[in-house]
Amino acid sequence: TGGRRGLLLSMPGCTAAGAIAAEQAADSMDSVEYEIAWIAHSIDGMTASTTPEDAANASAANAAAFWTDGCFSYAIDGASVTYTLDDCAGPFELAGVSGMVTITYRESGASYGFDIVATDLMIHATTVSFMVSGDVSTDGRNVNVTTSGSAIGRRNHMISHTGAYSLQWNGSSQCAGIDSGTWDTTVNGDTFTTTVTNWRRCGTTGCPAAGGTISFSGPAAFVTLTYDGTRQVAWTSGAGGSGTVTLFCTEG
């Protein structure tokens, strides 16, 4: 009886710890969504045969399709384009985007590649920095990405990450997807591994599609988040806890 009583008393603590880890996992994915919006902008409408200089010009010409008209300016220097944004709105319900982002295009095998740098960019009143390198496949839609970045998440967790993922972008349907991706995540000084599978998000509004998962594991916690297409994402923990975490998205 005493052992069972101890187990019962421990459950609220397990749930509380799991809820915090679930929030951290959601913030980890949010921080990568910020850069995915810029990757989509960087490759939208281009073909594998695009030259770096032409890509920079095409990116600038297409910017108004991604960011609020009139809220940004740009400067092109060869194969690089630097954007200055002031309170822009953009893909995946990004808002309050202010600061500078530079996209530099380069040759990469049979296609082209790009490097994106954002330092102290403001998004949703939080500070975001990232450096992303992508190599575009010959179909012009699939991109192998290496990433490092940091953000103060909207749930107030300080997040940094380094890793890689494979991203698909379909401009006609405005859908981005990660079949698989893994990055090391540091949250408030603790280190975790974030693994994402089958993540999909489409359109300027709408929540990630059902079927995707995030596994978030470290010495202090292990949680799995499962998307169902709504704002309420279910999580379960290795310690036996469960619950939901609310996403910042508008249900379609």
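See the structure above.
A short tour of the structure in this document, coming up. This is a predicted model, so every value here is computed, not measured.

Considering the environment of Thr 147
Along the chain, the position of Thr 147 falls in strand β6 (residues 142–152). On the basis of relative accessible area, Thr 147 is assigned to the buried category, the value being 6%. Spatially, the C-alpha atom of Thr 147 lies 13 Å from that of Val 128, the residues being 19 residues apart in sequence. With residues near it in sequence (within four places) discarded, Thr 147 still touches Glu 35, Met 131, Val 132, His 161, Thr 162, Gly 163, Ala 164 and Tyr 165. Reaching out from Thr 147, the side chain makes a polar contact with the side chain of Glu 35 at a distance of 2.7 Å. Among the polar contacts made by the side chain of Thr 147, one reaches the side chain of His 161 at a distance of 3.1 Å.

Details of the pairing of strand β11 (residues 222–226)
One ladder, built from five bridges, connects strand β10 (residues 213–217) with β11; its direction is antiparallel. If you follow Phe 216 over to β11, its bridge partner there is Val 223. Across four bridges, β11 lies against strand β12 (residues 232–237) in antiparallel orientation. Bridging across to β12, Thr 224 finds its partner in Thr 236. Counting the residues that bridge the hairpin from β11 to β12 gives five residues, and of these Gly 229 lies at a positive phi of roughly 90 degrees.

Some details on the state of the cysteines
If you walk through the whole model with that rule in mind, you get three disulfides. Two residues, Cys 71 and Cys 88, share a disulfide whose sulfurs are 1.9 Å apart. On the sign convention where negative is left-handed, the bridge of Cys 71 and Cys 88, at about 110 degrees about the S-S bond, is right-handed. On the criterion of sequence distance, the pair formed by Cys 71 in the loop between α2 (52–62) and β1 (72–77) and Cys 88 in strand β2 (residues 80–90) is long-range, its members being 17 residues apart. Residue pairing for Cys 175: its cysteine sulfur links by disulfide to Cys 202, the two sulfurs lying 2.0 Å apart. Around the S-S axis, the bridge from Cys 175 to Cys 202 shows a dihedral of about 115 degrees and counts as right-handed. Placement of the pair is Cys 175 in strand β8 (residues 175–187) and Cys 202 in strand β9 (residues 190–202), with a sequence separation of 27 residues. A relative accessible area of 19% means that Cys 175 is categorised as buried. For the chain, the disulfide bridges join cysteines in the arrangement 1-2, 3-4, 5-6, where the cysteines are counted in sequence order.

What counts, and where the lines are drawn
- Position numbers for residues start from 1 in each chain and track the written sequence from start to end.
- Predicted model: local features are reported for residues with pLDDT of at least 70 only, side-chain atom pairs are reported and counted for 80 or more only, and whole-chain, interface and lining totals are derived from all residues.
- Processing note: side-chain calculations cover all non-hydrogen atoms of the structure and skip hydrogens and water entirely.
- Secondary structure elements follow DSSP: runs of H or I no shorter than four residues count as helices, runs of E no shorter than two count as strands, and numbering proceeds from the N terminus.
- Three exposure classes are used, based on accessible area relative to the maximum for each residue type with a 1.4 Å probe and protein chains only: buried under 20%, partly exposed in between, and exposed over 50%.
- Working rule for contacts: check all heavy atoms of both residues, and any pair within 4.5 Å makes them a contact.
- Each polar contact in these results corresponds to two N or O atoms within 3.5 Å; when the atoms are within protein, one needs to be able to donate a hydrogen and the other to accept it, and residues that are neighboring in sequence are counted only if both atoms are side-chain atoms.
- Two strands make a pair as long as DSSP finds a minimum of two bridges between them.
- A pair of cysteine sulfur atoms is labelled a disulfide when the two atoms are within 2.5 Å.

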